[in-house]
Structure formats: C-alpha cells, structure tokens
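Descriptive analysis of the structure
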Amino acid sequence: MLEVSLEGTTLILTLNDARRRNPLSGKLAARLLSELDAVVNRNDVRAVVITGAGGNFCSGGDFDDMPERDLAQWRDHFEGLMRFVRRIVTYPKPTVAAVEGWAAGAGLSLACCCDMVVAAEDARFAYAFDKIGVLPDLGLSYTLPVRVGVTRARQIMIWGENLDAAAAKADGIVDRIAPKGRALDEAVRLATTAAAGAPLPIAHMKPFLAKDMERALAFEVATAPVLFRTADHAEGKAAFFEKRAPVFTGA
C-alpha cells in the first residue's frame, strides 16, 4: 500500500498499488498520517516527497473504500481524511508531490496539499469528482482556490476539467515540469534544497498560511457524507464501472 524510503534527509512516501494506479483509501490516508507523525521530530528528516508507483501518481479515491455507509459513518470517514489534510498542509517540513501519469480526483487533492508540485511533462490532472456526483474532498475546496484563484477553481470544478502538465502549470497547480520519468528526481532535488534552509521559520509559517483552511474542511465534512448517499453518486459509480457517461437527476 505504501513504500517508505529515505534519500539523504528526504523521506519518500510512494503510493504502491500500481495495478490500480494507486487509489487513495481512508486506510492509506491514515498510514500516510502515521508516517508523517513518525518523523516529525527527527532532525535527520528535513523534507518529504510523495509520489506514486508504476508511472501514475494517484487515480483518485478507492472505490473499494466506498461501501454503503450511514451519515455518521461517512462523517467518521471524512473526519479521518481531514486529520491527514490538516497534518500535511501545516506540516513543519517542506513537502513535494512528484507526479507521473495521472493525478485524478483525490490524487489532484493530494498533490495540491503539498508545498510544491513537480509534474512529468506527460502528466495529467483531472478534477473527476463531478463524474461520481460528489464534492471535492481531501481539502481541495481550500487548496485549489489557493493555488489557482477562486474564479479558475470554480471553472475547473463546475466543468470537471482535465489538464495536461503545461496547462496545469499555467494555472498554478503545477510548479515545475520535469522530463518524463524524472519527476521524482526533480522533487528530491527541490526537497533537498528546501531542507538546507532553517527549519523553524518553515514550521511557524505553514500553519499561519493555512489559517483559513478549517472553514473549507468543515464544509467538506458536513456536505460530502450527504452527497455520497445520493442516487446521483450511485449512478456515477455505476457509470464508471460500465464505462459510460452518467445520467444525473439531482436526486
């Protein structure tokens, strides 16, 4: 599920379900949180890189992690995700996403949680939440407008846009573009550079910059559980597996 390694002073967390393009489940988010917590006070770990195995970053939320749940169970699920979001966005060490292939849905959210996004020249970014009749989660309702501005975020979310690496960089989702297959190398290089800086200013700055995040996370926790119990969500999931366009009714 997750491969953990250390390159110099950089912790590398690799989503490792390549056959399914590295979907993100609640269990995987909890594991990522655990690994971040495990090194937060280690002076020999000065930066973190998150990447995916097998040529893709993350295909989105794990459909195996979307069973029938009541509202309380869905709220518990999203509260767990938000604990991870709070941790990574305010993490006292620099974080870099190294994106090869697809970053879709929750994969886009995960990348946007990081301080820097490095994408291979052939990487693709997809909003995707609209295809299954739900809201953005994993903090994207906060991180996407911060990166691209409210107007552009609104357009991406309403029209469910897919972006190549160049377009994502023009919008502000991507910060650096690397040759195909070299995103991780560039991410580690940038992480190493950031790790050479004084750690305390970074640790104090990141929570301050995220001071408006809680409103967005509360919105996601309150609203997402309702939408995951709608007929439109069931239709979106069915359409995905049947490889057809969904027909939404607003129910």
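Each value, and the rule that gives it
- Per-chain numbering applies: the sequence of each chain, read as written, is numbered from 1 onward.
- The model is predicted, so local features are restricted to residues of pLDDT at least 70 and side-chain atom pairs to those at 80 or more, both for listing and for counting; the totals for chains, interfaces and linings are taken over all residues.
- Computation of side-chain values covers all heavy atoms of the structure but excludes hydrogens and water.
- DSSP bridges decide pairing: two strands pair if at least two such bridges lie between them.
- The helix count covers DSSP runs of H or I at least four residues long, the strand count covers runs of E at least two residues long, and both are numbered beginning at the N terminus.
- Helix axes are fitted only over the stretch in contact, all axes being lines through C-alpha atoms; the angle between N-to-C directions runs from 0 to 180 degrees.
- Centre distance within 6.5 Å is the pairing criterion for rings of Phe, Tyr and Trp, where only the six-membered ring of Trp is used; planes under 30 degrees apart are then read as stacked, over 60 as edge-to-face, and the remainder as tilted.
- Note on criteria: charge over ring means Lys NZ or Arg CZ within 6 Å of the ring centre, with the direction from the centre no more than 35 degrees off the ring normal.
- Note on classification: 1.4 Å probe, protein chains only; a residue is buried when its accessible area is under 20% of the maximum for its type, exposed when over 50%, partly exposed between these limits.
- Crossovers are described as right-handed under a simple rule: with the strands pointing away from the observer, the path leading from the first strand over the helix to the second runs clockwise.

1. Focus on the sheet that holds strand β2 (residues 10-15)
Spatial strand order, β1-β2-β3-β4-β6-β9: six strands in an open sheet with mixed pairing. Among the strands making up the open sheet, the edge pair consists of β1 (2-7) and β9 (176-178). The sheet shows a mean angle of 20 degrees between the axes of neighbouring strands, direction not considered. Of the strand pairs in this sheet, β1 and β2 are connected by six bridges, and their pairing is antiparallel.

2. Considering the packing of aromatic side chains
Counted under the stated rule, the structure contains seven aromatic pairs. Taken together, the ring pairs in this structure connect F63, F240 and F241 into an aromatic cluster. A cation sits over an aromatic face here: R69 above W74, 4.5 Å from the ring centre. Over the face of the ring belonging to F208 we find K211, whose NZ or CZ atom lies 4.8 Å from the ring centre.

3. Some details on the pairing of β2
Taken across its six residues, β2 has six buried, putting it largely inside the fold. As consecutive antiparallel partners, β1 and β2 are separated by two residues, and within that stretch G8 has a phi angle of approximately 65 degrees, a positive value. Pairing of β2 with strand β3 (residues 47-52), which is carried by six bridges, proceeds in the parallel orientation. Within β3, the position partnered with L13 by the bridge is I50. Read from β2 through helix α1 (residues 26-39) to β3, the crossover connection turns out right-handed.

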